[in-house]
Amino acid sequence: MAQDKKWRIGFSQATTIEPWRAQFNKDIIAEAAKHPEVELIVTDGEDKTEKQVADVENLIRQEVNALLISPKESAGLTGVVQQAIDAKIPVFVLDRNVETDQYTQFVGGDNKLIGRAAGEYAVELLGGKGKAQGNVVEIWGGMGTQPAHDRHDGFHEFTDKEPGIKQLLDQQSGDWKQDQAYNIMATALRNNEKIDLVYGHNDPMAYGAYLAAKDAGREKDIKFIGIDALPGEGVTWVNNGELTATFLYATPGAEGLRQALKFLNGEKVEKTVTLDTMKVTKENAGQIMKDNGL
Ligand code: FRU
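This text gives an overview of the structure that appears in the document. (Residues numbered from 1 in each chain as written. Predicted model: local features only at pLDDT ≥ 70, side-chain atom pairs only at ≥ 80, totals over all residues. Heavy atoms only, no water.)

**A short note on the layout of surface pockets**
So, point 1. Here the largest pocket defines a volume of roughly 230 Å³.
So, point 2. Lining the largest pocket we find 16 residues, and of these Asp228, Ala229, Leu230, Pro231 and Leu248 sit closest to its centre.
So, point 3. For the lining of the largest pocket, the elements supplying multiple residues, two or more each, are α1 (19–33) and α8 (231–239).
So, point 4. Examining the composition of the lining of the largest pocket, we find that 3 residues originate from one element, α1, more than from any other.
So, point 5. Taken together, the residues of the lining of the largest pocket sort by class into 11 nonpolar, 3 polar and 2 charged.
So, point 6. Its boundaries defined by the atoms lining it, the second largest pocket holds a volume of some 160 Å³.
So, point 7. In terms of lining, the second largest pocket is formed by 15 residues, of which the most central are Phe106, Gly109, Asp110, Asn111 and Asp150. (1 Å grid on protein atoms, 1.4 Å probe; cavity = no way out; pocket = protein on both sides within 12 Å on 5 of 7 lines; lining within 4 Å. Points joined across faces, edges and corners; volume = space filled by probe spheres on them. Helix = DSSP H or I, 4+ residues; strand = E, 2+ residues; numbered from the N terminus. Nonpolar A, V, L, I, M, F, W, Y, C, P; charged D, E, K, R; others polar.)

Below, the structure is given as structure tokens:
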């Protein structure tokens, strides 16, 4: 470690093939650059649990002063997170949780709340409380992840109260990927004459479903809701009128690193830091793009 680098911080990322994760890495690297005393080691799990487990084992061996991890899935990464905790390394879990709460801190969005906001808006789009009517396609993120379950549960708190809303699919996962969502939607379109609304657990999947509907000439009949709101992706798609809405899921990159430093410098940190969300529709999409230089 270079002399002036006081803290060696390891960050185990689940994958970098998804745009939201690429932004997440940019955010954490930019934050680290503001702190000359930090040496940040970033690893890429390549969307494979075994690879991410090996990455974390490696970071433990390198005796990092803190471990930040955004797990691909909960169950498969819990063991290695526990190993780090047992090795007395402070662990900061980012975005997707694991099956222990012995870590130092969790930083991420409130997926239940985001799911609720999406559900409430879906009800409004389909005719309003007590009157909503329509067939809904929900495309799940990775089944082994907490965000997918929370986004599902929150949404259903609203839509399940509406007798006029029918859910067409039973737990179909697109694993957060646009191409998988495209295929799920293409099949749903073939099997259902009427689809009114698609809820994708992230923007790439909502957009994949939109593209499938467009290829079937049916995109105008359907509303598409996603989550993430990256300016160059979801927000742009909303601004183009392709998605109806998206909900901000800020990356915990910068905040995660700041929190880890705060802890390393001897300050107390909260057990959970929740990042804010907001609804993005045609009304504010253009402004958000402008604010981000687009
Ligand atoms: C990227 C991603 C995001 C999503 C988050 C959930 O891998 O799928 O699109 O919001 O993970 O953990």
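Back to the write-up after that little detour.
**Some remarks on empty space enclosed by the protein**
So, point 1. For the structure shown, the criterion picks out 1 cavity of 30 Å³ or more.
So, point 2. Here the largest cavity is characterised by a volume of approximately 130 Å³.
So, point 3. Contributing to the lining of the largest cavity are 13 residues, with Trp20, Arg21, Arg96, Asn202 and Asp228 lying nearest its centre.
So, point 4. Looking at the lining of the largest cavity, the elements with two or more residues in it are α1 and α5 (146–159).
So, point 5. The element best represented in the lining of the largest cavity is α1, accounting for 3 residues.
So, point 6. The residue inventory of the lining of the largest cavity, partitioned by class, reads 6 nonpolar, 1 polar and 6 charged.

No statement about biological role is implied by the geometric values presented.
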